[in-house]
Each structure stands twice: as structure tokens, then as C-alpha cells.
Amino acid sequence: MRHIISILMENEPGALSRVVGLFSQRNFNIETLNVAPTEDETLSRLTVTTIGDDRVIEQITKHLNKLIDVVKLVDLTEGSHIERELMLVKVKALGAARDEVKRTVDIFRAQIVDVTPSQYTVQITGDASKLDAFLEAMSPVGLLEVARTGVSGIARADKVLSL
Amino acid sequence: MELLSGADMIARFLQDEGVEYIYGYPGGAALHIYDALFRQDKVKHILVRHEQAATHAADGYARASGKPGVVLVTSGPGATNAVTGIATAYMDSIPMVVLCGQVMSHLIGDDAFQETDIVGVTRPIVKHSFSVKHPSEIPEVLKKAFYLASTGRPGPVVVDIPKDMTAPTERYEYVYPKKVKLRSYNPVTRGHTGQIKKAVELMLKARRPVFYTGGGVVTGDASEGLTDLVKRLGFPITTTLMGIGAFPQSDQQCLGWLGMHGSYESNMAMHHADLIVAIGARFDDRVTNNTSKFCPTAKIVHVDIDPSSISKTVRADVPIVGPAGSVINEMISLLQGREIANPEALAEWWQSIDGWREERRGKLYEPSAEGEVLKPQEVIEAVCRVTRGQAYVTTDVGQHQMFAAQYYKFDKPNRFVTSGGLGTMGFGFPAAMGIKQNFPDEQVVCFTGEGSFQMMMQELSTCKQFGGGVKIINLNNASLGMVRQWQDLNYKSRHAHSYMESLPDFQQLIGSYGFTALKVQTKEELESALERTFADNDELVFLDVAVDPHEHVYPMQVPLGSMRDMLLSKTERT
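Residues numbered from 1 in each chain as written. Chains lettered and ligands numbered in written order. Predicted model: local features only at pLDDT ≥ 70, side-chain atom pairs only at ≥ 80, totals over all residues.

Asks: Could you give an account of the overall build of chain B, with specific residues and numbers?
Replies: Scanning chain B for helices and strands turns up 22 helices and 22 strands. Relative to its full complement of 574 residues, chain B shows a buried share of 55%. At a minimum sequence separation of 6, the contacts of chain B that also span at least 24 residues come to 76%. (Helix = DSSP H or I, 4+ residues; strand = E, 2+ residues; numbered from the N terminus. Buried ≥ 20, exposed ≤ 12 C-beta atoms within 10 Å, placed from the backbone. Contact = placed C-beta atoms within 7 Å.)

Below, the structure written as C-alpha cells:
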């Protein structure tokens, strides 16, 4: 099963490589990875999506918790949560397709953020499956470039990942 | 207020931390530190002949004393040479602090002379590592390193120190930090009482219980408590290789150690048990054999300080995260005034176990006859007798390691020092040297083979310089015995590169360092040679004993089988 694990870790050199290294060292899998400093500049928040059965996920969270640089973590998929990913896509937009692209962008509630006579750059946010669906819808038109941030997430309601 | 350079801070910190010996090798990036060590006389530095030996020597000391071993090496090749020793300590959870010189910080990343990203290289084999960014942070970083290395589940910590951090011209305030805090590191100090209660209830109700305890009891300094607990309940106990000595092996309740080459009765008892109480052990593949066939009828209580060890390979029914010592004590207090529910079932269980014991009594190996070459097992038994089972024993890796574990009987923890997890050939001699230099009054024996010994024999020179009256017992079968055994069993005795046809004359070799070497060719020569070997406790003696190269280590678990599937000799299997 797919899990989204969010980690608060020391914002220090080497911390990221310890987390990433752990996954390859122990033969765990990383689907997406996303990391940035938080409002507390001593901390970074890293979100990783991974696939594994309960035993593997238990091992992943235990080993992550063992890393000295990891301060706290949560498996967001254990509870109700919000998942978002941002994607920037350059698509061909010529002739009749130009309108078609615009319509699809509207349907997906995406935004066109850059325009040239022959292409659009589209910004879209959503969960991973929505982004996948958008790419599928666009592929007949001609995808030129795709940049995805990887999944970020947060728990619903009162649950908070902080110190 | 005291102003010190980074290098002087390191020397002062080591003094204030109570470090007596450090093992190391100088080089460009570590020279400021070496100069600071030169200008003081409290911390004694032992100059090894290869950095790997420095880590093994510090490791040996750490295993014997329970305190962190300390290593100092230079950047680049100095640090990479230490890698095998760091990995050895990591796999066996041994506290160690490794200080590595590094090129000057403005050169990092330029492929400077003797530059290696040692923090990167060692990342998967350390508990944690630090890179010093400013000289003023040295005392705190070092305190954190010692704290991390020696608390919780212990392990090696690497501290990378760029040369400019130790420059003699840059001075900063030095205060010895008595305590440090890390917000993300709070090792558990006790187990969950509810879980411990559950475990105790299972123990009281068990009909066929076995204690299975490991290195966590030794590093957790919990062997007294364990002995008390096991004695109270009257249950059988088997230990892992790393846990040997945590419960006295001369006691009837001890079945020896378990796993691939563990005792027949240990493996049989584990397989038939209805309750396994694992404490400070990690269900390693060399213990469990095939996990899907592992102990089919047992409920499993698993006590470990490291939550990631629990249910890693075998699912625990009652997981307890906590240090062995406090969990055992809590178990003991919960047992006060309670009686086991099925004493007659336990008596029957002991009958089965004694039956297994009886089955193999006198059949473990065929002793040699007069005039014949010795069996390796006989040599270990003789050394055990001569040292009254009281020596600190280190081993290298291979057949002799298993024979030493099987035939030397340990009644105390911290006495059997072996590379269990990584299986590092070359470990034994420098580890013995580290123990002997720290505990000069003790008897220290290194069982080795001519293959392993040659991997670290340069340390004879270190012993010549600094002393180290270890007794090296070389079980010489002119083969890489364990490799040969596997080739006999799985490759139709095609001995690919397991035969050593160009061995040195050990008597001349050892003699050239000014030490005594003795040779034993046949059985009747052994006793007098042992007498000579152990005559002077301060003298390094190398005893080269020719042993039967055809001997195999048994029992030996059958690959992919259960605990009870064992080869018992070249002709018998369960």
C-alpha cells in the first residue's frame, strides 16, 4: 500500500542524505520526495511517499525515528489527511488544440502561467492521481516538459506535526 | 575563562571525559591534534600499524569494559582504513568514537590531497556522525559523540574535523560540557509496564519456555538481573554468540548458544518451545535459520532497546521496548510471591531437554590419538582448562571462532569478544591487544587461524612498542577452514582458494619482533607448550598448533530449514 510519511528533521547538512540513504541501504522504496525548511529555520519538513506492506512501513518509520536528525514523523495515510502536489507542464498549443488545451485546463482547475504562440505552461495542483489524469488528458496534444514537486501533505483537523 | 585551540580542546576534552587510551595513526590533517596530545600526558596514545587495527583495539577495549573506545585517524586513507572496524562495531552495537582529521574546510569538495567524504562513506555504518563547522563547537560535538555512542543501543560515532578547526592560532573558550541534550534523541529508560505484565503472565503459564538472550544483556550490563530472573523461574536459557557469558555457562540451566553452529539442545529447545523470551537479541539470520519455519509453536516475547529490532524478521507477540536491565528488574518484582502455573509441565520439558543433551554427550567430536595431529576442539578445551575459564577471549572469524565459542566455557559477560555481526577476519589480535593494554593484569587469549592472523599481524610491532602480553593461539590447518567446510559440503570439495600453501614460518616471523613462538605438531606436545605459553602473563606468546584440516564445525543448521534441522557430524543429521 502507498503511504505518505512526513518528517520533521534538523535543518542541517547531511540530514537529507541520512534519510535518503536509509531507504536505499535497507532496500525500501521512494516514490516521491519533497523537502523544504519550515517556519522554524532549525527544522526541515520532508515528505516521502513509499509503497510497502504493514511490516515494511513499520520498519521504515522505526528506522527513520532512529536517525538522530529526525525529530518527529507521522504516517499521514494512517488518518484522514490532505495530499497535494504541484506540477508545471509545458504543452504544445497550436491550431485547434490551443482551445482544447485551454478547456482541459479549466476542467482540471489548472492555470496557464506562461504563454507563447506555440505552447502553454500550465500549473496544476492536486493529489497525485489528479495530476496523473491531467497528464493523460494532455498527452494526445503533446507534452513538452513535466516538472512535479512530489507529494506534500498535512493531517486533517486538530492533528499537528510540530515540536 | 580558558582559551584553547581546537586541538587542545580535543586533548582536554578526552582528559575530562576520563579517556585513558586512544588508538590511532597520525597524518597531515590530524597533526594539530597530535601536537596537542604530545603536550599532555594524561591520555595515552597507542600508535597502531594500520588504522583498522586502531578501531579493533578500541572495540576490544569497549567490549571488555563497557566504555566507549576512542580512535584517532587522519583524513583520506587513514579514515577509509578505519571503515571495516567501524562497520564491525556498528554490527555488534559497540560504543566507539572515531575522530577523523579532514582537509581544511575551504578545500572540502576540491578533491584535495588525502580528502575523502568520510561522513558520507561511513553513513550506513555509524550510529551518527558529526562534521565540525567551527572550533568553538568542539567540546559540545565531542560530548554529543560520547553520549550517543554509549547510550541507548550503543554504536560507533564518527567526528570529522577539518584541519583549520584545530589550528593552534585560533583560540576559544573551553568549558567541559557535563551534559548535552539532543531534542531528537531520548533513549527509553524503561519498558511499558502493561506489556511487561503480559510477558510475566505468559512466563508463569508457559509449559515449554526458553530464554533467548543476546548482546543487549551484555552491553546493557544486565547479566546479574538476568541470572536472577532465570534462576527464579527455573527455565532453560540459550544465548546468542554475542550474549555468551551473560548467564553462567557452567550452570545446568544454560543450554549453550544457539543458531547455525549452536548446541543441539539449544536449537531443539527453541524449535519445540511454547514460549520464547528474547531479551537484547535481534533474531539474526544466523540464529533463526528459515524464519517461516522458525519455532512454529512458540509465542514470542521480545525485549529490545531498539524498536526497529522488534518484529524486524520475526513477529513478536509481546513487544517490549526498553533496556534489558530495567525490564528484567521489573519482571523480577512482578514475579515476587508468584508461582509458575505448571511445574510438572516444566519438569517434563526439562526431561526432554536433558534427553537431547544426553543424545549428543560424548559425540561432539572424535578426539585425536597419541602421536596424531590435534583436533581444534581439543586445543580450545585445553586452553580453557589452563586459564580456568577466566581469560578474556578474542577470536578472529571462521571455524576457530565457532570452536572457541563452543568449547571455551564462559561464566562472566564481557569475556568473549568476537565479531559476530560483520564477521571480520583480522579482528581478534588487535582486539586482544586493546584489552590487554587496558587490563594488563588479566589473561587475554586470542584464538585465531593462520588466515585471519595474517590480516592484522602487523600489530606485533605495536605490541613490541607498547606492550601487550596476549596469548595468540593459532589453530593452524593451513586452510581457510570455514570456507573449506562449505566447499566440502556444497562444492564437492573443490577447494577454490581456501588452501594456504605459502604460509610464513611463524616462529621466525614472531621471533623477528622479539617474541616467543612455539610450535605444536602432535597431541603430546600440547600440555608443555601451554604451560610455557601461560608462564608469564606479561609476555606475548604465539602458539602455532597444527590441527586437523578435515575437521568440520557441527552442529550446523541445514540451509532454509527450521531451528532443529541440523547436520550433527559428517554422517549424521536430524
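That shown, we press on.
Asks: An account of the domain arrangement of chain B is requested, with residue identities and associated values reported.
Replies: Residue and element names in this part refer to chain B. What the domain assignment reports for chain B is domain 1 (3-173), domain 2 (193-360) and domain 3 (376-553). A straight line from the C-alpha centre of domain 1 to that of domain 2 covers 38 Å. Taken residue by residue, the interface counts 6 residues in domain 1 and 6 residues in domain 2. Of the residues in the side of domain 1 that touches domain 2, the class split is 1 nonpolar, 3 polar and 2 charged. (Domains from an automatic or database assignment. Nonpolar A, V, L, I, M, F, W, Y, C, P; charged D, E, K, R; others polar.)

Asks: I'd like to hear about the nonpolar core, residue by residue, with values.
Replies: Ile-10, Val-71, Val-159 and Ile-276 of chain B are the most contacted members of the largest nonpolar core, which has 194 residues in total. Aside from chain neighbours lying at most four places away, what touches Val-71 of chain B is Ile-22, Tyr-23, Gly-24, Ala-54, Thr-55, Ala-58, Ala-82, Met-96, Val-98 and Leu-99 of chain B. (Core = buried A, V, L, I, M, F, W, Y, C linked by C-beta atoms within 7 Å.)

Asks: I'd like a rundown of the packing of helix α1 (residues 6-16) of chain B against helix α7 (residues 138-150) of chain B, residues and numbers included.
Replies: In helix packing, the relevant descriptors are the interaxial angle and the interaxial distance, both defined with respect to the helix axes. Residues and elements named next belong to chain B. Close contact between α1 and α7 brings their axes to 9 Å; oriented N to C, the two are set at 35 degrees. When the axes of α1 and α7 are compared, the crossing they make is right-handed. Listed contacts from α7 to Gly-6, Met-9, Ile-10 and Phe-13 of α1 are Ile-138, Pro-139 and Leu-142. Looking at the contact of α1 with α7, its residues break down into 6 nonpolar, 1 polar and no charged. (Axes fitted to C-alpha atoms, helices over the stretch in contact; angles between N-to-C directions. Left-handed = near helix turned anticlockwise from the far one by under 90°.)

Asks: Please provide a residue-by-residue account of helix α16 (residues 399-407) of chain B, values included.
Replies: Within α16 of chain B, 9 of the 9 residues are buried, which leaves it mostly tucked inside the rest of the structure. Turning to α16 of chain B, its buried residues number three or more, namely Gln-399, His-400, Gln-401, Met-402, Phe-403, Ala-404, Ala-405, Gln-406 and Tyr-407 of chain B.

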